[in-house]
Amino acid sequence: MSAFLVELWDFMRERKKFWLAPIIIMLLLLGGLIILSEGSAVAPFIYTLF
């Protein structure tokens, strides 16, 4: 996993694609939120956002 992150960072640095970083971070945070709330009582409220 760390090799992937290093490669991704090298790609963004070399090609000046730093605008991709916030998009990737937000996608990871939203994915983590969905995974963590899947079995809880908060799940119906999370799914109404989408």
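Presented here is an overview of the structure given in this document. Here the structure is a predicted model, which means the values were calculated and not measured.

1. Some thoughts on unusual backbone geometry
Peptide bonds are trans in most cases, and residues, glycine excluded, mostly fall at negative phi. Phi at Lys16 takes a positive value of approximately 60 degrees, unusual for a residue other than glycine. When you line up the elements, Lys16 lands in the loop between helix H1 (2-15) and helix H2 (20-36). Among the residues examined, Lys16 registers a relative accessible area of 63% and is labelled exposed.

2. Some details on H1
Here H1 spans 20 Å end to end across 14 residues, near enough to the 20 Å set by a 1.5 Å rise per residue. The positive-phi residue at the C-terminal boundary of H1 is Lys16, with phi of around 60 degrees.

Reading guide: rules and limits
- Residues numbered from 1 in each chain as written.
- Predicted model: local features only at pLDDT ≥ 70, side-chain atom pairs only at ≥ 80, totals over all residues.
- Heavy atoms only, no water.
- Helix = DSSP H or I, 4+ residues; strand = E, 2+ residues; numbered from the N terminus.
- Buried < 20%, exposed > 50% of the residue type's maximum accessible area, 1.4 Å probe, protein only.
- Expected span 1.5 Å × (residues − 1).

No statement about biological role is implied by the geometric values presented.
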